[in-house]
Number of protein chains: 2
Amino acid sequence: MAQPDLTAHIERGLSDLRDLVALESVSAQGRMLPETAAFVTRLLVAEGFTVRSYPGQVAPVLVAEAGEGSATLLIYNHYDVQPEDPLELWQSPPFVLTEREGRLYGRGASDDKGELASRLAAIRAVRERNGGTLPLRVRWLIEGEEEVGSPSLERFVEEHAEELRADGCWWEFGSIDPEGRPVLYLGLKGVMCVELRCRVAASDLHSSLGAVVDNPLYRLARAVASLRDDAGGLTIPGFYDDVRPPSEADLAAVAQLPGDGQPLRDTYGVTRTLATSRAYHERLNLQPVLNVNGWGGGYEGEGSKTVLPAHGFVKLDFRLVPDQDPARVLELLRAHLDAQGLTDVEVVELEAHQKPARADAAHPFVQACMAAAAAAHGAEPIVNPSSGGSGPMYPFQACLGVPCVAAGISNIGGRVHAPNENILREHFARGVAFGVALLERLAANPA
Amino acid sequence: MAQPDLTAHIERGLSDLRDLVALESVSAQGRMLPETAAFVTRLLVAEGFTVRSYPGQVAPVLVAEAGEGSATLLIYNHYDVQPEDPLELWQSPPFVLTEREGRLYGRGASDDKGELASRLAAIRAVRERNGGTLPLRVRWLIEGEEEVGSPSLERFVEEHAEELRADGCWWEFGSIDPEGRPVLYLGLKGVMCVELRCRVAASDLHSSLGAVVDNPLYRLARAVASLRDDAGGLTIPGFYDDVRPPSEADLAAVAQLPGDGQPLRDTYGVTRTLATSRAYHERLNLQPVLNVNGWGGGYEGEGSKTVLPAHGFVKLDFRLVPDQDPARVLELLRAHLDAQGLTDVEVVELEAHQKPARADAAHPFVQACMAAAAAAHGAEPIVNPSSGGSGPMYPFQACLGVPCVAAGISNIGGRVHAPNENILREHFARGVAFGVALLERLAANPA
């Protein structure tokens, strides 16, 4: 199939992106969220969408619908962005889309306004190529709270399941690797953040009294050391019981993932890895992980202070895989600490957790995404059964019963969430082409 | 023996103390140190001492000598004090000795100007009672750097051993318990402060990458958890090899120590003890200890942050007992971490260590101190083979070959190093009486 000429749609899409980047929709600071929702609504209405706006906790949630056909595609994106600070590190104004050497810089250029604008451009192109109508039903959920943890989303998806029902969901991100290959993700890990706390006294003591008074930082060290082994495996009894065995397709996909993580190690100057070669991808895609995010207590200044601290804390996050349940893991953690004699170590869940989700690579919708990616990019996609990261994918899978596939236009140097966020112009164009290929493929071969 | 009437000497001693407290000799801030050394020199010269002043690193070191006889007593004190802040918590000006309800408040009232003034008053009384001469040789080392770790002292004692030679050393502190019993200490633990450091990358990473990059705070937890057991015993191989078995006299003294630490637990609101009853005193007096003083790394703010920190650190102190050597313990620690596979955990000694020292309770000088305490206080002394704390006692024992006995006038509510530092007026008087008893006993029964 010859590649369609999408030049005009790409330019129009970049114009939309310029307008979107100019709207300072920083959800963490409550900036310009209704204005941005209204602007997105106008863009969608102009393409024949009916748009319903619902109040979220921080910003409106939009549900748009257009088109007709036996296939239904759900798209998920967000119109909010991360704060732009530190401002002084930007080489051009964060809210002015600026092109330099083939890259387009601006806050949200990649995450997630670039994705949104490229998808809208693809829909325009498909309409034009189909006589002004969309040959499939497109439902589009666009929220404005993703960068503050999507506090309204799980409940919203549950309550609006009928409006969102579809054959599959096109997730809000995805990337293109340095060799130009599309990188897809079929799942996200769950995440649960907890703090372990220990106190041995009402106030700090002189450390000579450590002879007779226990030490809260030692107690926490015992706790943390008991949770995993040197290879990164968790040692909480029962922790792996609910881990779904990887499917044949998962394992086959992981086996085909290129590289061993060297670019990551180079980028961050990593000196201690837990996995290289095959294990690198298996652990990132399929294994749950325990992280120690931070540790505090006692004297942390220069030199020494012979103090016995009254208390201390450790912050942890658990990255979970299907079908682990955060509430169950919390129970297992408590039982394990108790069994270790660490009943005095308090466990506090820090904020709402997210459950893991992962699609079956053999699902027709996933296969359609892979085929569309291969066609649009001229290269077989790199398919990750799961991202190592987390997000609100679970309610889509659980309430709507659909697979979610992340396919998008971010790049390894895209500085998402950081100064000088960017996409490649070429990747934006590829994203439009992928959208056209996906929509037309779904319309032609409904699930 | 009838108690001598020391009223006039006690009043004169309190007058000296008032003058001493008025001198703001804060060694950490280099305030009024030469002035205070000069004032102390004038006080000593007025009592017939010859005084030599030597430059220290921060303040002059004074060596005074007076009296003649076959007995020689070495006294060790210091004229510097801790900073007075936080000033707003003082109920009277820190550098004005102020009496309220039987207590004398002021910075240094206890540590160590109260000790110094009461000892000088005792020497005056003994001279007066002996026709204007001292019936024994008194050598008095008074430094001005104790509150900044006595950086000059070990070398000074080595180089001036001949000037300091004596039958025994009266150490700079000691206390009187709430029942009025004198509390003596025959030793001090050594101390070595180290920092463990671990780094896994050049910069922080997103915690999703914890699947493939190791965690420095976990590595440190493994290290710390491997150093001791839940009962507080150290688990570094070879750590106890050089621990001198307690003597019969040590064990007998510990067996007679009253209480089980309940006042300590009440004062600090302790909820996790390592020892009560007999074990309480055994651990405080005779056992080495590992403390975790502080722990830092990664995100320590409110809530969670899903970061994988690039590095972290833990601060430790080891309290050592005779005949443990800090340099040897450092070697054993390194070897242990290596054997645990923790070669990446760096060990950094934070500052100069102090070696442990402990006198034999059966030594005639120790017995003389105990007898003098019993006579002056009208109560058998509580004899601790060692304090749980540390100080520069080792060079006195090692270079001069003398036992050191801490006998003094601090009280459990004395707030040493804190606002509203105080002594009881009654304890000051008791201190003078003890000094008289000790000097006259040593003069009458030379070693």
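Residues numbered from 1 in each chain as written. Chains lettered and ligands numbered in written order. Predicted model: local features only at pLDDT ≥ 70, side-chain atom pairs only at ≥ 80, totals over all residues. Heavy atoms only, no water.

Peer 1: Explain the packing of helix H11 (residues 364–377) of chain A against helix H13 (residues 425–444) of chain A to me, and be specific about the residues and the numbers.
Peer 2: What describes two packed helices is the angle between their axes and the distance between those same axes. Residues and elements named next belong to chain A. Packing of H11 against H13 brings their axes to within 8 Å, and their N-to-C directions diverge by 135°. With respect to each other, H11 and H13 are oriented oblique. For the pair H11 and H13, the sense of crossing is right-handed. From H11, Phe365, Ala368, Cys369, Ala371, Ala372, Ala373, Ala376 and His377 reach across to H13, where they touch Arg430, Ala433, Phe434, Ala437, Leu438, Arg441 and Leu442. Among the residues forming the contact of H11 with H13, the class breakdown is 12 nonpolar, 1 polar and 2 charged. (Axes fitted to C-alpha atoms, helices over the stretch in contact; angles between N-to-C directions. Helix = DSSP H or I, 4+ residues; strand = E, 2+ residues; numbered from the N terminus. Parallel < 35°, antiparallel > 145°, perpendicular 65-115°, else oblique. Left-handed = near helix turned anticlockwise from the far one by under 90°. Contact = heavy atoms within 4.5 Å. Nonpolar A, V, L, I, M, F, W, Y, C, P; charged D, E, K, R; others polar.)

Peer 1: How would you explain the pattern of salt bridges if you had to name every residue and give the values?
Peer 2: All names here are of chain B. Overall, the coordinates contain 66 salt bridges over all chains when judged by the stated rule. The partner of Glu421 in a salt bridge is Arg107, with the nearest N and O atoms 2.6 Å apart. Taken as a pair, Glu421 in the loop between strand E19 (404–406) and strand E20 (422–424) and Arg107 in the loop between strand E5 (103–105) and helix H3 (113–129) lie far apart in primary sequence, 314 residues in all. On the accessibility criterion, Glu421 (1% relative accessible area) is buried. Judged by its relative accessible area of 1%, Arg107 is buried. (Salt bridge = Lys/Arg side-chain N within 4 Å of Asp/Glu carboxyl O. Buried < 20%, exposed > 50% of the residue type's maximum accessible area, 1.4 Å probe, protein only.)

Peer 1: How would you explain the interface of chain A and chain B if you had to name every residue and give the values?
Peer 2: Taken residue by residue, the interface counts 72 residues in chain A and 72 residues in chain B. Interface of chain A and chain B: buried area, both sides summed, is about 5,700 Å²; carbon and sulfur atoms make up 55% of it. Per-residue buried area on chain A facing chain B is highest for A:Val212, A:Tyr218 and A:Arg272; these three make up 13% of the total on that side. Remark: the boundary between chain A and chain B carries 10 salt bridges. The shortest N-O distance in the salt bridge between B:Arg228 and A:Asp214 comes to 3.0 Å. Where chain A meets chain B, there are 44 residue pairs in polar contact (both at pLDDT 80 or more). Here the side of chain A that touches chain B gets 9 residues from one element, more than from any other, and that element is strand E13 (residues 289–298) of chain A. Grouping the amino acids of the side of chain A that touches chain B by side-chain chemistry returns 31 nonpolar, 22 polar and 19 charged. Of the strand pairs in this sheet, E13(A) and strand E13 (residues 289–298) of chain B are connected by 5 bridges, and their pairing is antiparallel. When the bridges of E13(B) are listed, A:Gly298 appears paired with B:Gly294. (Buried area = accessible area lost by both parts, 1.4 Å probe. Polar contact = N/O pair within 3.5 Å; in protein donor to acceptor, adjacent residues only side chain to side chain. Pairing = 2+ DSSP bridges.)

Peer 1: Explain the relation of the copies chain A and chain B residue by residue, including any values.
Peer 2: Mapping chain A onto chain B is achieved by rotating through 180° and translating by 0.1 Å along the same axis, at an RMSD of 0.1 Å. Such a turn and shift between the copies fits a two-fold axis. Most of the interface of chain A is mirrored in chain B, where 100% of its interface residues again form contacts. (Least-squares fit on C-alpha atoms with pLDDT ≥ 70 in both.)

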